[in-house]
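Observations on chain architecture
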Amino acid sequence: MEKVVDRANSRGHSVHSWLDSYHTFSFDEYYNPERMNFGALRVLNDDIVAPGKGFGSHPHKNMEVISIPLKGKLQHGDSKMNDRVITPGDIQVMSAGTGIFHSEMNGSQEEPVEFLQIWIVPRERETYPMYQDFDIRPLLKQNELVAVVSPDGTSPASIIQDAWFCMGKLDAGKSLRYELHKPHHGVYLFVIEGEAGVAQTHLYRRDGIGIWKTDEVEIQALTDAHLLLIEVPMFE
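Thresholds, definitions, all that
- Residues numbered from 1 in each chain as written.
- Predicted model: local features only at pLDDT ≥ 70, side-chain atom pairs only at ≥ 80, totals over all residues.
- Heavy atoms only, no water.
- Helix = DSSP H or I, 4+ residues; strand = E, 2+ residues; numbered from the N terminus.
- Buried < 20%, exposed > 50% of the residue type's maximum accessible area, 1.4 Å probe, protein only.
- Pairing = 2+ DSSP bridges.
- Axes fitted to C-alpha atoms, helices over the stretch in contact; angles between N-to-C directions.

The backbone of M81 shows a phi angle near 70 degrees, a positive value even though the residue is not glycine. With respect to the helices and strands, M81 occurs in the loop between β7 (74–78) and β8 (83–86). Judged by relative accessible area, which is 74%, M81 ranks as exposed. Backbone geometry at R206 places phi at a positive 70 degrees, although glycine is not the residue there.

Listed below in C-alpha cells is the structure:
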C-alpha cells in the first residue's frame, strides 16, 4: 500500500469578493507540481460562493465535472438549455465532451452556497456533452458508504470513466471496509466533516488521503464523520 496525505491547511486558497475556494490540486492561481492530480482525479475544489454571485458562463471540454452541494442552493445553467437548482442531497454530473458552456451560481440572494467541485479526466474524448442531476437522499443510509456515481449504471449518476464516488455519514467508532473495484486503481478519501482513521493516519475536517497499490481500505470514524470516497484509475 502507498499513500499520500493532503492536509486541509496545505491546500491552495483563492479569495475573491464573492468566492472563497480551497484547492486540493493545482487550480487557477494555485500551482504545485507535486499536487497536479490523483490518478484520473484532477480537481477537488471546496467552494463558498456569496449570495447572488457565482461562476458566470464559461467553457469546458473533455472533462467530467461533478458538483456536490453541502449547504445552500446551487443554480446550474448551460448551453444545452439545462437550468436547474440543486441542494444538499443532490448530485450534479456534467460530461463536457466536445464542448459546453455552463454557469454555476448561488441560487439564493440571502445565504452563501457551499459545494465541492470535482473534475475527472474522462476515459473517452470528444463525446457528446451531457448533463444530469439526481436526488441521492433516498439511497443514503447511516453507517454505510453508498455509491452515487459509477461507470456502469449501478448508481444514480454515471460518468465516462472507470470511477466510483461513494458517500456516507458514520457514527463515532464505526468501522468499515472499502473494496476497490479494479486492479491498478486508487481511492481518494475526503473528510467533509468530522475525523477518521485511514491507513494509520488521523484525518480531520477537509483532510484528504490517496491510497493505492491495495485491494481494500479500512476506515474508522473517530468522531461522527461525513465522508466522500473517489475511486479512480491510477496513471502510469
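If you walk across this open sheet you meet the seven strands as β1-β20-β17-β22-β15-β13-β14, and the pairing is mixed. Each having just a single partner strand, β1 (2–6) and β14 (157–158) make up the two edges of the open sheet. Across five bridges, the pairing between strand β17 (residues 185–193) and strand β20 (residues 208–212) is antiparallel. Each residue of the ladder has a partner; that of G186, found in β20, is W212.

The next subject is the sheet that holds strand β12 (residues 130–135). The strand order β2-β3-β4-β11-β6-β9-β12 describes an open sheet built from seven strands, whose pairing is antiparallel. Two strands lie at the open edges of the sheet, namely β2 (12–15) and β12, each paired on one side alone. Neighbour to neighbour, the strand axes of the sheet diverge by 15 degrees on average, direction disregarded. For strand β6 (residues 64–71) and strand β11 (residues 113–120), the ladder comprises seven bridges, and the chain directions are antiparallel.

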